[in-house]
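Structural description and commentary
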Amino acid sequence: MKYILNIGLNNTNYSKVMEQINNSKGYLFDDYNVREVTGTYNNNIEPTLVVSFYSFSSLDSIKFKIKDWCKTLKQDCIALTIKGMLEKNVGILIYNESYKGEKQAFNNKYFIQ
């Protein structure tokens, strides 16, 4: 399946995100695509990396790694879309385990493809 992530850069930087992605290459996926765009989080403009990759790993493995990235990269959450699941796209927000605020539901309107 194809996975697309939105990772905000207000609390981290490009090189730290790339380090985490490269450390997962060969384990969760073989290749990936990254582009930097302008997104919003909590009504604030935020530079955002859109990361896409294909993987045969289980969804649980992908979610586990993204939770780890949330902690390492100091993210409240990372948005994830899974393309091709049940013949439609499925989106979820994966929160940092230490996040104490109100958790939002995934909203495709704010997700950057």
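Above this text sits the structure in question.
I will try to describe carefully the structure that is included in this document. Note that the structure is predicted; figures quoted are calculated from it, not measured.

Analysis parameters
- Residues numbered from 1 in each chain as written.
- Predicted model: local features only at pLDDT ≥ 70, side-chain atom pairs only at ≥ 80, totals over all residues.
- Heavy atoms only, no water.
- Helix = DSSP H or I, 4+ residues; strand = E, 2+ residues; numbered from the N terminus.
- Contact = heavy atoms within 4.5 Å.
- Buried < 20%, exposed > 50% of the residue type's maximum accessible area, 1.4 Å probe, protein only.
- Arc of directions from axis to C-beta.
- Patch = residues over 30% accessible without salt bridge, like charges linked within 9 Å, V, L, I, M, F, W, Y side chains within 5 Å.
- Areas by Shrake-Rupley, 256 points an atom, 1.4 Å probe, with all protein chains shown as cover.
- Salt bridge = Lys/Arg side-chain N within 4 Å of Asp/Glu carboxyl O.
- Lys, Arg positive; Asp, Glu negative; His and termini not counted.
- Charge placed at Lys NZ, Arg CZ, Asp CG, Glu CD.

1. Overview of the environment of threonine 12
Here threonine 12 is to be found in the loop between strand S1 (2-8) and helix H1 (14-24). Leaving out residues up to four positions away in the same chain, threonine 12 has contacts with Val17, Leu73 and Gln75.

2. Thoughts on unusual backbone geometry
In this structure, lysine 74 is a non-glycine residue whose phi angle is positive, near 60 degrees. Within the secondary structure layout, lysine 74 lies in the loop between helix H2 (59-72) and strand S4 (77-85). When its relative accessible area of 56% is taken as the criterion, lysine 74 is described as exposed.

3. With respect to H1
Taken residue by residue, H1 has Val17, Met18, Gln20, Ile21 and Ser24 as its buried positions. Buried residues of H1, viewed axially, fall in a sector of 160 degrees; they line one side. Along its buried surface, H1 packs onto S1, strand S2 (32-41), strand S3 (44-54) and H2. Note on H1: the residue one or two positions beyond its end, glycine 26, has a positive phi of about 90 degrees.

4. A word on a positive patch on the surface
On the surface, a cluster of positive charge is contributed by Lys63, Lys67, Lys100 and Lys103. Looking at where lysine 103 falls in the secondary structure, it is placed in the segment after strand S5 (88-95). Since its relative accessible area comes to 52%, lysine 103 is described here as exposed.

The analysis is restricted to geometry; functional conclusions fall outside its scope.
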